[in-house]
Amino acid sequence: MLIAIEGIDGSGKGTQAARLADAFRANGLRAALLGFPRYEATFFGRAVGEFLNGRFGTLTEANPYLVALLFAGDRFESRELLARELAQNDVVVLDRYVASNIAHQGAKLPEERRGELTEFVERLEYTVYGLPRADLTLLLDLPVAIAQTLVGRKHARAYTEKSHDLQEADADYLERVRQVYRTLAAARTDWEIVACLAGDALRPVEEIASELYVRVAARRSGG
């Protein structure tokens, strides 16, 4: 089973993806974890890091279709690795996948043009590059203001010395990314939304992790 964890920057994708993989291992399953972009491992991953660090201009200066090629190229370079992990494990958990490309690039376009961008990315990644589709995508939904605060607490990243990269620093942009994600989730049966807040309070990491495991286990059992 291939599971993708998605959400805006700061929503806890990396933490929850790792916990989910650990939970399956603790229950006797073979589980692997991969995160995208692979900044230090691929040619395109390094290019993505340079883009996010501002080398190629601002978010609005770089054409979203061309930027989509960078993120997709990173996954294309990782295709054989992903195939091996799927062959050797019961579950593979991904910290970001194709939907992240759709959400982040689509957020740079007017709403009426996002469908065309979605078709472009999915054709590129699934058809041209032959990447497998996720069996389940779990969207960690978190308001932008809280997410940006959490981003500021992250450890230093290899691709940038800044506390917030180009995408993380722009609240209006992140809100559009969040809305694209929510639109995708509402339209597709292989998506589920997991709220990261209870009322106005951030839910404990352990509580969210438990809910993710229950939801995936139900899907695996056909429930």
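Structure: see above.
Note that the structure is predicted; figures quoted are calculated from it, not measured.

Draft legend 1. Seen up close, the overall build of the protein. Counting secondary structure elements, the protein contains 9 helices and 7 strands. For 223 residues, the compact-globule estimate of 2.2 N^0.38 gives 17 Å, and the C-alpha radius of gyration of the protein, at 17 Å, lies within 12% of that figure. Judged by the C-alpha coordinates and their principal axes, the protein covers about 45 × 40 × 35 Å. With 223 residues in all, the protein has 50% of them scored as buried. Once local pairs closer than 6 in sequence are excluded, the contacts in the protein between residues at least 24 apart make up 75%. For the protein, the exposed surface amounts to about 10,500 Å²; the carbon and sulfur share of it is 50%.

Draft legend 2. Structural context of helix H2 (residues 43–52). Here H2 has its buried residues at Gly 45, Ala 47, Val 48, Gly 49, Phe 51 and Leu 52. Of the residues trailing H2, Gly 54 is marked for its positive phi of about 95 degrees.

Draft legend 3. Main features of the side chain of Ser 11. By secondary structure assignment, the location of Ser 11 is in the loop between strand E1 (2–6) and helix H1 (13–26). One polar contact links the side chain of Ser 11 to the main-chain carbonyl oxygen of Ile 8, over a distance of 2.7 Å. When residues no more than four places from it in sequence are discounted, the contact partners of Ser 11 are Leu 140, Leu 142 and Cys 196.

Draft legend 4. Region of interest: the packing of H1 against helix H9 (residues 205–220). As a packed pair, H1 and H9 sit with axes 9 Å apart at the nearest point and diverge in direction by 55 degrees. Between H1 and H9, the angle is such that the two are oblique. For the pair H1 and H9, the sense of crossing is right-handed. Within the contact between the two elements, H1 uses Thr 15, Gln 16, Arg 19, Leu 20, Ala 23 and Phe 24 and H9 uses Val 205, Glu 206, Ile 208, Ala 209, Leu 212, Tyr 213, Val 216 and Arg 220. Looking at side-chain class alone, the contact of H1 with H9 contains 9 nonpolar, 2 polar and 3 charged residues.

Draft legend 5. Representation of the environment of Ala 186 in the model. Examined against the element boundaries, Ala 186 turns out to sit in helix H8 (residues 171–187). Here the alpha-carbon distance between Ala 186 and Glu 175, two residues 11 residues apart in the chain, equals 17 Å.

Draft legend 6. Spotlight on the sheet that holds strand E3 (residues 91–95). Taken in spatial order, the 5 strands of this open sheet run E2-E3-E1-E4-E5, and their pairing is parallel. Single-partner strands in this sheet number two, and they are strand E2 (31–35) and strand E5 (191–195). Recorded for the sheet is a direction-independent mean angle of 20 degrees between the axes of neighbouring strands. Looking at chain direction, E1 and E3 are connected through 4 bridges and run parallel. Its bridge partner lying in E3, Leu 2 is registered against Val 92. Taken strand by strand, H8 contacts E1, strand E4 (136–141) and E5, and its axis lies near 140 degrees from that of E4.

The rules behind each value
Residues numbered from 1 in each chain as written. Predicted model: local features only at pLDDT ≥ 70, side-chain atom pairs only at ≥ 80, totals over all residues. Heavy atoms only, no water. Helix = DSSP H or I, 4+ residues; strand = E, 2+ residues; numbered from the N terminus. Rg over C-alpha atoms; globule rule 2.2 N^0.38 Å. Buried < 20%, exposed > 50% of the residue type's maximum accessible area, 1.4 Å probe, protein only. Contact = heavy atoms within 4.5 Å. Areas by Shrake-Rupley, 256 points an atom, 1.4 Å probe, with all protein chains shown as cover. Polar contact = N/O pair within 3.5 Å; in protein donor to acceptor, adjacent residues only side chain to side chain. Axes fitted to C-alpha atoms, helices over the stretch in contact; angles between N-to-C directions. Parallel < 35°, antiparallel > 145°, perpendicular 65-115°, else oblique. Left-handed = near helix turned anticlockwise from the far one by under 90°. Nonpolar A, V, L, I, M, F, W, Y, C, P; charged D, E, K, R; others polar. Pairing = 2+ DSSP bridges.

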